[in-house]
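Below, each chain spelled out in residue letters.
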Amino acid sequence: MPVQFSFPESGWPFSDGGGIQLETALTSFLHAREAPPRLLGLGEPLHGEEEFLRLRNQLFRYLAEREGYRSVAIESDCLSALMVDAFAAGAEMPWETVMDAGFSHGWGKSPANRELVAWIKEHNEDRDPVDQIRFHGFDAPLEYSGAASPRRALRALYDYLAAQVEPLPPQGGWNTIDRLIGADERWTNPAAMMDPTQSVGASAEVGALRLIVDELMGVLKSQSPHLLATTSRQEWERTSLHGRTATGLLRYHAAMADTSDARMARLMSQRDAMMADNLHSIAAVEAPRGPTLVFAHNRHLQKHQSRVEGTWQGTEWSLRWWSAGAIVSAQLGPQYAFLALALGSATDHGLGVPAPDTLEGVLYASTDDRCFTTGQSLTGEVERTGVVPTLRTGASHHHGYFPLEPDQLGSTDGVIFLRDVPSSTEGHQGRDGEECGG
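Residues numbered from 1 in each chain as written. Predicted model: local features only at pLDDT ≥ 70, side-chain atom pairs only at ≥ 80, totals over all residues. Heavy atoms only, no water.

Draft legend 1. Focus on the overall build of the chain. Check the secondary structure of the chain and you find 15 helices and twelve strands. The C-alpha radius of gyration computed for the chain amounts to 22 Å, which stays within 12% of the reference 22 Å derived for 438 residues, consistent with globular compactness. A principal-axis box enclosing the C-alpha atoms of the chain has dimensions of 70 × 55 × 40 Å. Burial status across the chain gives 56% buried among its 438 residues. The contacts of the chain with a sequence gap of at least 6 include a subset with a gap of at least 24, amounting to 77%. Surface accessibility of the chain: about 18200 Å² in total, with carbon and sulfur atoms responsible for 51%. (Helix = DSSP H or I, 4+ residues; strand = E, 2+ residues; numbered from the N terminus. Rg over C-alpha atoms; globule rule 2.2 N^0.38 Å. Buried < 20%, exposed > 50% of the residue type's maximum accessible area, 1.4 Å probe, protein only. Contact = heavy atoms within 4.5 Å. Areas by Shrake-Rupley, 256 points an atom, 1.4 Å probe, with all protein chains shown as cover.)

Draft legend 2. Examining the nonpolar core more closely. Formed by 46 residues in total, the largest nonpolar core has its most connected members in Leu-26, Leu-40, Phe-135 and Ile-416. Counting residues per element, this core draws most heavily on helix H2 (residues 50-66), at seven residues. Once you skip the residues sitting within four places of it in the chain, Ile-416 turns out to touch Leu-22, Leu-42, Leu-55, Leu-59, Leu-339, Ala-340, Leu-341, Ala-342, Cys-371 and Phe-372. (Core = buried A, V, L, I, M, F, W, Y, C linked by side-chain atoms within 4.5 Å.)

Draft legend 3. Expanded view of the packing of helix H10 (residues 233-256) against helix H11 (residues 263-286). Running from N to C, H10 and H11 point in directions that differ by 170°, and their axes come no closer than 9 Å. Looking at the two axes, H10 sits roughly antiparallel to H11. Contacts between H10 and H11 involve Glu-237, Leu-241, Arg-244, Thr-245, Gly-248, Leu-249, Arg-251, Tyr-252, Ala-255 and Met-256 on the former and, on the latter, Arg-263, Arg-266, Leu-267, Gln-270, Arg-271, Met-274, Asp-277, Asn-278, Ser-281 and Val-285. Across the contact of H10 with H11, the residue classes break down as eight nonpolar, five polar and seven charged. (Axes fitted to C-alpha atoms, helices over the stretch in contact; angles between N-to-C directions. Parallel < 35°, antiparallel > 145°, perpendicular 65-115°, else oblique. Nonpolar A, V, L, I, M, F, W, Y, C, P; charged D, E, K, R; others polar.)

Draft legend 4. Highlighting the packing of aromatic side chains. This model, assessed by the stated rule, comprises five aromatic pairs. Ring centres of Phe-103 and Phe-135 lie 5.6 Å apart, and the angle between their planes is 65°; on these two criteria the pair is classed as edge-to-face. Placement of Phe-103 in the loop between helix H4 (95-101) and helix H5 (111-124) and of Phe-135 in strand S4 (residues 134-139) is noted, with a sequence separation of 32 residues between them. When its relative accessible area of 2% is taken as the criterion, Phe-135 is described as buried. Between Tyr-158 and Trp-174, the ring centres sit 6.0 Å apart and the planes meet at 45°, which makes this aromatic pair tilted. Taken as a pair, Tyr-158 in helix H6 (residues 151-162) and Trp-174 in helix H7 (residues 173-181) lie far apart in primary sequence, 16 residues in all. (Phe/Tyr/Trp six-rings, centres within 6.5 Å; stacked < 30°, edge-to-face > 60°.)

Draft legend 5. Seen up close, helix H13 (residues 324-332). When H13 is considered as a whole, its buried residues turn out to be Ala-324, Gly-325, Ala-326, Val-328, Ser-329 and Leu-332. Just past H13, the residue Gly-333 takes up positive phi, approximately 60°.

Draft legend 6. Summary view of helix H3 (residues 81-88). Across the eight residues that make up H3, a large majority, six, are buried. Within H3, the full set of buried residues consists of Ala-81, Leu-82, Val-84, Asp-85, Phe-87 and Ala-88. Packed against the buried residues of H3 are strand S3 (71-77), H4, H5, S4 and H10. Once H3 ends, the next one or two residues include Gly-90, with phi positive near 125°.

Draft legend 7. View of the pattern of salt bridges. All chains considered together, the criterion is met by 21 salt bridges. For Glu-51, the salt bridge goes to Arg-54, with nearest N and O atoms at 2.9 Å. Here Glu-51 pairs with Arg-54, and both are found in helix H2, just three residues apart, close to one helical turn. When the shortest N-O distance is used, the salt bridge between Asp-139 and Arg-271 registers 2.6 Å. Of this pair, Asp-139 sits in strand S4 while Arg-271 is found in helix H11, placing the two residues 132 residues apart along the sequence. Judged by its relative accessible area of 0%, Asp-139 is buried. Where salt bridges share partners, they join Arg-299, Arg-307, Glu-405 and Asp-407 into one cluster. (Salt bridge = Lys/Arg side-chain N within 4 Å of Asp/Glu carboxyl O.)

Draft legend 8. Focus on the confidence of the model for the chain. Summary statistics for the chain give a mean pLDDT of 90 and a share of 90% for residues scoring 70 or more. Note that pLDDT drops below 50 for residues 1-12; the model gives that stretch 26 contacts with residues more than four away or on any other chain. Low pLDDT, under 50, characterises residues 15-20; the stretch is placed with twelve contacts to residues that sit more than four places away or in other chains. (pLDDT = per-residue confidence, 0-100.)

Draft legend 9. View of the pairing of strand S11 (residues 370-374). Taken across its five residues, S11 has five buried, putting it largely inside the fold. Side chains Arg-370, Phe-372 and Thr-374 of S11 all project onto a buried face; the interleaved residues Cys-371 and Thr-373 project onto the opposite face, where all are buried too. By the bridge criterion, five bridges tie S11 to strand S12 (residues 414-421) in an arrangement that is antiparallel. Residue Thr-374 lies in a different strand from S12, and its bridge partner there is Gly-414. (Pairing = 2+ DSSP bridges.)

Draft legend 10. Broad picture of the environment of Arg-384. Structurally, Arg-384 is set in helix H15 (residues 375-385). Counting along the chain gives 352 residues from Arg-384 to Ala-32, while the straight-line C-alpha distance between them is 24 Å. Polar side-chain contacts of Arg-384 include one of 2.7 Å to the side chain of Glu-381. (Polar contact = N/O pair within 3.5 Å; in protein donor to acceptor, adjacent residues only side chain to side chain.)

Here it is, written out as structure tokens:
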């Protein structure tokens, strides 16, 4: 029999013995909200743990089959993901090409990501497009080593408009844009990530390109009645994505050339702002079909301001920026919900048993497997035990791991806790320790 679960009076914590009850708890949580979320964020505390991705797959399949979810968005390049979406919708492409080129950060190697794509493709077979599951990336075309050239995004924007509207800026057409972009290698120079003097972002060419993109985006909007009538809504939306990406990349490259102390915070802010723009668009596009599950690092999906303190790559950092989740939450209100995944012990990531005076320690003592609780219920349990929770520190060699923050629990709608993740020599480790803030 399914266990009835209500919030926050009962179910502290809601232990998951075998999978079904955790999903039942999630449904109860969603139905107890004042409005069903259009975007449900599911965050992970670190990258590179397959158990999180397998749990994501389990919950998304349940949400698709029982709660009407019709799309999933992950922390991967928004443009590359178009290939995965097309493949899942029935396009004929080599499987390995899709998994290699359709994901950024090397995440196409993840067994769980491969399983997700295979399941979506199987689910979509012989279904009407309105009932198919769509796959989105909502990250910018960024890697730890730097940012992409704007060429791919700008080319798609320009070509779409050139086929429908005349005349277009700039004088000289694409040849002028191509000359201003120059060699892609100067945009992707890895040295520019840590040395602003190596960035192309302060050049006159970038300034000229930003003006051109601004004009092209103005045409895309002002001519939208004509464009939507003569092409398809999907083509227009895809072109809008390319235009947003070109705009964001040029802004990001300009921030890379910043020599002030605010440089890293600007880069973090710009990346999350691009993510938020993509999520806002996904929510609008998918609204008629159903809600979207969003999966990324907790740092990108949390509702409160992100912060990083301490030493990273030999440099002392004190950074503050608004996450994509915080931006989307401010815009969508209760139509955005955030569930944080939290971790007890995981030897592969240098995490032992959490101290009892941490939130992870309170959760660790309360279950022998996995559990689900609301932020409000966890706050109440902490108060009941009399524990004054501290931030979990010194727990991992993994610089991309971020524990639950006791002073921000009120902005977390729910927590899914994995007590012990066994050691494994298999699975894709992702960008272990490579990125500050996920």
